[in-house]
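Working through the structure, step by step
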Amino acid sequence: MSNIPSIFWLIPVASVCALGMAWYFFRTLMREEEGTSRMIEIAEHVRKGAMAYLKQQYKVVCIVFIVLALLFAFMAYVLKVQNPWVPFAFLTGGLFSGLSGFFGMKTATYASARTAHAARTGLDRGLKVAFRSGAVMGLVVVGLGLLDIALWFIVLSCVYEGDNFALITITTTMLTFGMGASTQALFARVGGGIYTKAADVGADLVGKVEANIPEDDPRNPATIADNVGDNVGDVAGMGADLYESYCGSILSTAALGATAFAFNADLQLRAVIAPMIIAAVGIFLSLIGIFMVRTKEGATMKELLHSLGLGTNVAAGLIAVATFGILYYLGIENWLGVSFSVISGLVAGVIIGQSTEYYTSHSYQPTQKIAEASQTGSATVIIKGIGTGMISTMIPVVTISVAIMLSYLCANGFDTSMSAASISKGLYGIGIAAVGMLSTLGITLATDAYGPIADNAGGNAEMSELGEDVRHRTDALDALGNTTAATGKGFAIGSAALTALALLASYVEEIKIAMVRVVNEGGRFLDAAGNMFDPTTANMTDFMNFFQVNLMNPMVLVGAFIGAMAAFLFCGLTMGAVGRAAGAMVEEVRRQFREIKGILEGKATPDYGRCVEISTRSAQREMILPSFLAILIPIVVGIVLGVGGVLGLLVGGLSTGFTLAVFMANAGGSWDNAKKMVEEGNFGGKGSDCHKATIVGDTVGDPFKDTSGPSLNILIKLMSMVSIVMAGLTVALL
């Protein structure tokens, strides 16, 4: 504790500032008028439904966390194969992740009617209310994330002060709280995704296609459930998702820094806190970007995108410059090269975001071509959308590949010798590139959370029967939100790829610590030739040789195949879950149209509560199997195939999961915006055959972009986190 440099205290200060500004934006939002009595009534329905769902989900998740915490306690205190702090770190990770989703969603449910009311004044007013409400989510995520990291670092520094391996032990212990965040995020993403798409698909298929009534029409019984789903899936789910990416990137980089610079205690400490300092400075720069977002009345889609892009790009540019000063001040070895590693992550995030915007916005040709394909029916819309999604994977994959190589080489001084020191420093560079990509998450997540708020505002305006000019403004904000949401999903999966790669290296470090524990207790390890293997002095290359991690080892190959299969299995299960839940919703909406006389004439009120109940029940039931499989697969592979099999699993899951997630998110986003393009009056406009064809495409794309695709980035990180936490058990079974 006494060795911690004074600059470290910038981390808890930044976290408190982020939480303070989130509170300020929330209080500012609450001072806005909510509109007419009808607008207030609709917002209250959505708010109650969202909170009821979240309460039920947290009950289920709480049971899962208690069971897993007891399992980790048994492994730590009875089997002695795990650090005794792990059960507590696991619980705090889940708690803070859940709080992030809760606070963000609570704000979003208060923001929708206020955004719609602000849009009655002007487009800029509506944009500011929606965006700063989304900023609450962004600031809460980074604030709670850094606060959790800072508190654990302080506590563990006091506990392990004077230990020769203190920083390695501290960072690998802290890394395990990422499993709690990942587990919470997976349940939030999968459950919320199933909920929202069950309601959305039911509302679209029966309301818009069969009954030929507009989107968000109050006569549609599934409308409230659809608006609730936007909050529980796209706000609470996304917040929990990026919370664990944010923390995972910082902690895995800190763990890699502790290993790479173990030869110098002072340099090692500075390398450990460097990613935390970059993230802390990123909070202040995100705030600058947030205050820069504004637009003008009658702005086009490109002008609206420029308004949001200005804030995010300014924040990214400022952190790029600040990074050089931070790493120079900290005295990081090869600070210039490591700074360029950070820049490579930042640039990769921007390129992936721009690529996603190009393939999903109807301002550009790919989505325009999908809308054009509607002239020949829904089948060609689906074919074109799938093809567009597949093609769209090229730029993100190439970008991440280049970022990995550049960040690796910049950090190790372009040393291609593959020595142990070179590899360790290169891996640190990859980890800090992920930190760079996520350093301005405060504003990046704000642009993503803005999307469902704008969508709900449009729904409120439609159901409240506000004027055509207001609806036109909310439609513009909604279309912008579709693109920012798609961009956010691309950004999330890109950051997940870099984070998961850093976690892969951290897994080997956790294996080393588990093996050292065995040796200290009198155990020993023999290599394939029968020679004694000493884990205390071994480097990364020695461990790869000891566990025979190469492409000729069938354990590694089988693990890679299982990892690739896990991504498809997970998507298949979640897609099937949406299909079953949506089927129940379709039948309920049809029943109400049939049995409640006068709904379609506007003379009777639909039973909104019944549709909310169906979505809630379906989501709670259907999220269990895919979520548990994500936890069980790494454990089983570790027991059966050992360390080599686990490394193969993580590589297979990462490469396949990343590509599949980009494909699904972009295909779904392009279908959605192709529908929006037709609704704006192109190719016959609303109610035309082209419109119905794009609705079918959008309906197919709903679980692509909002359930299965976004859940994959959590899957690849959760499998890494589970492998890290279970490393002690894997070693005990060697």
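Residues numbered from 1 in each chain as written. Predicted model: local features only at pLDDT ≥ 70, side-chain atom pairs only at ≥ 80, totals over all residues. Heavy atoms only, no water.

For clarity, the threshold we go by: UniProt positions are given in the numbering used here, feature names are shortened, and annotations may be inferred rather than shown by experiment.
The protein is annotated in an unreviewed UniProt entry as Putative K(+)-stimulated pyrophosphate-energized sodium pump from Hoylesella marshii DSM 16973 = JCM 13450. As stated in UniProt under Cofactor (unreviewed entry), the record for the protein gives "Mg(2+)". Quoted straight from UniProt, the Function (unreviewed entry) entry for the protein says "Sodium pump that utilizes the energy of pyrophosphate hydrolysis as the driving force for Na(+) movement across the membrane."

A short note on the overall build of the protein
Basically, it comes down to this: The secondary structure listing takes helices from DSSP runs of H or I that are at least 4 residues long and strands from runs of E that are at least 2 residues long, numbered from the N terminus. Taken over C-alpha atoms, the radius of gyration is set against a globule rule of 2.2 Å times the number of residues to the power 0.38. Type-normalised accessible area, obtained with a 1.4 Å probe on protein chains alone, sets the label of each residue: buried when under 20%, exposed when over 50%, and partly exposed for intermediate values.
Along the protein, the regular secondary structure elements total 22 helices and two strands. The C-alpha atoms of the protein give 25 Å as radius of gyration, which agrees with the globular expectation for 734 residues (27 Å, within 12%). When its C-alpha atoms are laid out on the principal axes, the protein stretches across 80 × 45 × 40 Å. Among the 734 residues that make up the protein, the fraction classed as buried is 66%.

Looking at the environment of Gly 389
So the rule is basically this: Residues count as neighbours in contact if any of their non-hydrogen atoms are within 4.5 Å of one another.
For Gly 389, the position within the fold is in helix H12 (residues 378–391). Counting along the chain gives 53 residues from Gly 389 to Gly 442, while the straight-line C-alpha distance between them is 28 Å. Not counting chain neighbours up to four residues away, the residues in contact with Gly 389 comprise Phe 663 and Ala 667.

Concerning the pattern of salt bridges
Rule in force here: Salt bridges are identified by distance alone: a Lys or Arg side-chain nitrogen within 4 Å of an Asp or Glu carboxyl oxygen.
Overall, the coordinates contain 26 salt bridges when judged by the stated rule. With a shortest N-O distance of 2.8 Å, Glu 244 and Lys 717 are connected by a salt bridge. In this pair, Glu 244 sits in helix H7 (residues 223–260) while Lys 717 sits in helix H21 (residues 689–725), placing the two residues 473 residues apart along the sequence. Given a relative accessible area of 1%, Lys 717 falls into the buried group. In this structure, a network of salt bridges that share partners links the residues Lys 197, Asp 200, Asp 672, Lys 675, Asp 698, Asp 702, Lys 705 and Asp 706.

Overview of the packing of aromatic side chains
Filter applied, for reference: Paired rings are identified among Phe, Tyr and Trp, the last through its six-membered ring, by centres lying within 6.5 Å, and are further divided according to the angle between planes into stacked (under 30 degrees), edge-to-face (over 60) and tilted (the rest).
Counting across every chain of the model gives 23 aromatic pairs. Between the aromatic rings of Phe 261 and Tyr 428, the centroid separation amounts to 5.6 Å while the plane-to-plane angle is 85°, which identifies the pairing as edge-to-face. In this pair, Phe 261 is assigned in the loop between H7 and helix H8 (265–291) and Tyr 428 in helix H14 (residues 420–438), connecting sequence segments 167 residues apart. Since its relative accessible area comes to 2%, Phe 261 is described here as buried.

Some details on the environment of Gly 638
Position of Gly 638 relative to the elements: it lies in helix H20 (residues 624–679). Gly 638 sits 350 residues away from Ile 288 along the chain, and the two C-alpha atoms are 46 Å apart. Once you skip the residues sitting within four places of it in the chain, Gly 638 turns out to touch Val 646 and Thr 730.

Topic: the environment of Ala 222
By the secondary structure assignment, Ala 222 is in the loop between helix H6 (177–210) and H7. Measuring from C-alpha to C-alpha, the distance between Ala 222 and Pro 606 comes to 8.8 Å, with 384 residues separating the pair along the chain. Leaving out residues up to four positions away in the same chain, Ala 222 has contacts with Ala 199, Ala 203, Met 585, Val 589 and Cys 611.

Digging into helix H4 (residues 123–159)
Quick reminder of the rule: By definition here, a helix of n residues has an expected span of 1.5 Å times n minus one.
For H4, spanning 37 residues, the distance from its first C-alpha to its last is 54 Å, which sits close to the expected 54 Å at 1.5 Å a residue. Burial runs high along H4: 29 of the 37 residues are buried.

Focus: the packing of H7 against H8
Each pair of packed helices gets described by two things: the angle between the helix axes and the distance between those axes. The following threshold applies: Here an angle of 0 to 180 degrees is reported between the N-to-C directions of two axes, which are lines fitted to C-alpha atoms, with helices fitted over the stretch in contact. Here the angle decides the label: under 35 degrees means roughly parallel, over 145 means roughly antiparallel, 65 to 115 means roughly perpendicular, and every other value means oblique. Working rule for handedness: look at the near helix, and if it is turned counterclockwise from the far one by less than a right angle, call the crossing left-handed; if clockwise, right-handed.
Taken N-terminus to C-terminus, the directions of H7 and H8 make an angle of 155°; their axes are 6 Å apart at the nearest point. What the angle tells us is that H7 and H8 run roughly antiparallel. By crossing handedness, the relation of H7 to H8 is classed as right-handed. From H7, Tyr 246, Ile 250, Thr 253, Ala 254, Gly 257 and Ala 258 reach across to H8, where they touch Gln 268, Ala 271, Val 272, Pro 275, Met 276, Ala 279 and Ile 283.

Quick word on unusual backbone geometry
Of note, Gln 548 is a non-glycine position whose phi angle comes to about 50°, a positive value. Among the secondary structure elements, Gln 548 is positioned in the loop between helix H17 (540–546) and helix H18 (554–595). With phi around 55°, Phe 683 is a residue other than glycine that occupies positive phi space. Following the sequence through the fold, Phe 683 ends up in the loop between H20 and H21.

Remarks on a nonpolar patch on the surface
Here is the rule: For patch detection, residues must exceed 30% relative accessible area and be free of salt bridges, and they are connected within 9 Å for like charges or within 5 Å for nonpolar side chains (Val, Leu, Ile, Met, Phe, Trp, Tyr). Only the protein chains shown count as cover for residues, and all accessible areas are computed by the Shrake-Rupley method using a 1.4 Å probe.
A surface patch of nonpolar side chains, about 530 Å² in accessible area, is lined by Phe 628, Leu 632, Val 636, Ile 639, Val 640 and Leu 733. Structurally, Ile 639 is set in helix H20.

Examining the packing of helix H3 (residues 86–119) against H7
Convention followed: All amino acids are sorted into three groups, where Ala, Val, Leu, Ile, Met, Phe, Trp, Tyr, Cys and Pro are nonpolar, Asp, Glu, Lys and Arg are charged, and the leftover types, Gly among them, are polar.
Taken N-terminus to C-terminus, the directions of H3 and H7 make an angle of 145°; their axes are 8 Å apart at the nearest point. Of the two elements, H3 crosses H7, and the hand of that crossing is right-handed. Across the interface between the two elements, Gly 93, Phe 96, Ser 97, Ser 100, Gly 101, Gly 104, Met 105, Ala 108 and Thr 109 from H3 touch Asn 231, Val 232, Val 235, Ala 236, Ala 240 and Tyr 243 from H7. The class makeup of the residues in the contact of H3 with H7 is eight nonpolar, seven polar and no charged.

Details of the side chain of Asp 455
We count it as follows: Counting rule applied: Lys, Arg positive; Asp, Glu negative; His and chain ends not counted.
With respect to the helices, strands and loops of the structure, Asp 455 is situated in helix H15 (residues 441–463). For the buried Asp 455, no salt bridge exists, and the shortest N-O distance to an oppositely charged side chain is 5.6 Å, to Lys 676.

Looking at the nonpolar core
If you look at soluble globular proteins, the nonpolar side chains tend to sit buried side by side. What counts, and what does not: We define the nonpolar core as a collection of buried residues of types Ala, Val, Leu, Ile, Met, Phe, Trp, Tyr and Cys that are connected through side-chain atoms lying within 4.5 Å of one another.
If you look at the biggest cluster of nonpolar residues, it comprises 244 residues, and the most contacted ones within it are Phe 153 and Met 179. Counting residues per element, this core draws most heavily on H20, which supplies 23 residues. Discounting chain neighbours no more than four positions away, the residues touching Phe 153 are Ile 4, Phe 8, Leu 167, Ile 170, Met 174, Leu 269, Val 272, Ile 273 and Met 276.

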